[in-house]
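One-letter residues, chain by chain:
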Amino acid sequence: TASGPVIDGIREGRTDRIFYLTPKGTGKQIGEESVGLLRQGGAKLRSLTLTSKEKICFMDEVRCEADHCPYAKGYYDKVHDAMKDLLSSEDSMSREVLENYAQKHQVCPFEYSLDLSLYADIIIGDYNYAFDPRVYLKRFFDEKREQITFLVDEAHNLLDRARSMFSAEIAATAFEELSDGFRRIDVGIANKAGKVSDELRALQEALPEAGRIMTEDYDPLILKAVEGFRGACEKYLQDEEKVA
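Residues numbered from 1 in each chain as written. Predicted model: local features only at pLDDT ≥ 70, side-chain atom pairs only at ≥ 80, totals over all residues. Heavy atoms only, no water.

J.: Tell me what's going on with the packing of helix H10 (residues 172–182) against helix H11 (residues 187–206), and back it up with residues and numbers.
T.: At a minimum axis distance of 8 Å, the contact between H10 and H11 shows a crossing angle of 155°. Judged on the interaxial angle alone, H11 and H10 are roughly antiparallel. Crossing angle aside, the handedness with which H10 passes H11 is left-handed. Contacts between H10 and H11 involve Ala172, Thr173, Phe175, Glu176, Leu178, Ser179 and Phe182 from the former and Val187, Ile189, Ala190, Ala193, Gly194, Val196, Ser197, Leu200 and Arg201 from the latter. (Axes fitted to C-alpha atoms, helices over the stretch in contact; angles between N-to-C directions. Helix = DSSP H or I, 4+ residues; strand = E, 2+ residues; numbered from the N terminus. Parallel < 35°, antiparallel > 145°, perpendicular 65-115°, else oblique. Left-handed = near helix turned anticlockwise from the far one by under 90°. Contact = heavy atoms within 4.5 Å.)

J.: So what about the nonpolar core? Which residues, and what values?
T.: Core analysis: the biggest nonpolar cluster contains 33 residues, and Leu86, Met93, Tyr112, Leu116 and Leu137 have the highest contact counts within it. No other element matches helix H4 (residues 75–87), which puts six residues into this core. Setting aside anything within four residues of it in sequence, one finds methionine 93 in contact with Arg46, Ser47, Leu48, Thr49, Leu86, Leu87, Leu98, Leu116 and Ala120. Membership of the second largest hydrophobic core comes to 14 residues, among which are Ile189, Val196, Leu203 and Ile222. (Core = buried A, V, L, I, M, F, W, Y, C linked by side-chain atoms within 4.5 Å. Buried < 20%, exposed > 50% of the residue type's maximum accessible area, 1.4 Å probe, protein only.)

J.: Tell me about the pattern of salt bridges, and name the residues and values.
T.: Under the definition given, this model contains 13 salt bridges. One salt bridge connects glutamate 199 with lysine 195, and the closest N-O pair in it is separated by 3.2 Å. Note that glutamate 199 and lysine 195 are positioned in helix H11 at a spacing of four residues, about one turn of the helix. Exposure remark for glutamate 199: the relative accessible area of 11% places this residue in the buried category. Residue classification places lysine 195 among the partly exposed positions, given a relative accessible area of 42%. Salt bridges linked by common partners bring Glu227, Arg230 and Glu234 together as one network. (Salt bridge = Lys/Arg side-chain N within 4 Å of Asp/Glu carboxyl O.)

Written as structure tokens, this is what we have:
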């Protein structure tokens, strides 16, 4: 398999860290089992499995605020001992292991996993931790201090995922609701939101079968409307700050 040469790359100093990227939970499990087999063969590897904040959060509602979440409160005072405890005892940092130690030390399991990832030879997780510009792990990719190797599971799925990661969409209905909601609060925002909605509706009428396709003819009109809306929002926030 491809994993053999990649693992050799860590031993020989040709790569510093491996990301095993998979779109499915079963893929994560297979990744963990594969690393376990390598350990049985004598490989000294520390692995960590990343789970999304929404799935690993201990609270009923995901609100990372000290007043709301006891695991966020005093996190940086507790995380050093929590990391030392786990790293001295475990090589496989699966979701279950992370949750157990996070509960033991009363720290946020998601932030805990991100901090521990710096000490992992192999990181197992979803595509978005490497490729999504909104949530990728900046601590690894922005500074570019390391040689990182990607192992991409089911790479044929990456094209569709990449389209969603690097695309944005705006909906006319959202701006219509915003316009109605701000009518009595700030007429400027209400009007600018309405303008964005009007331009989107015009595009929809011009391209009834096209759905989400954006044409060059409409780009300037919609962008101008969105910029006008952004300017109105900035003015509103600045005025509110002065009042406060």
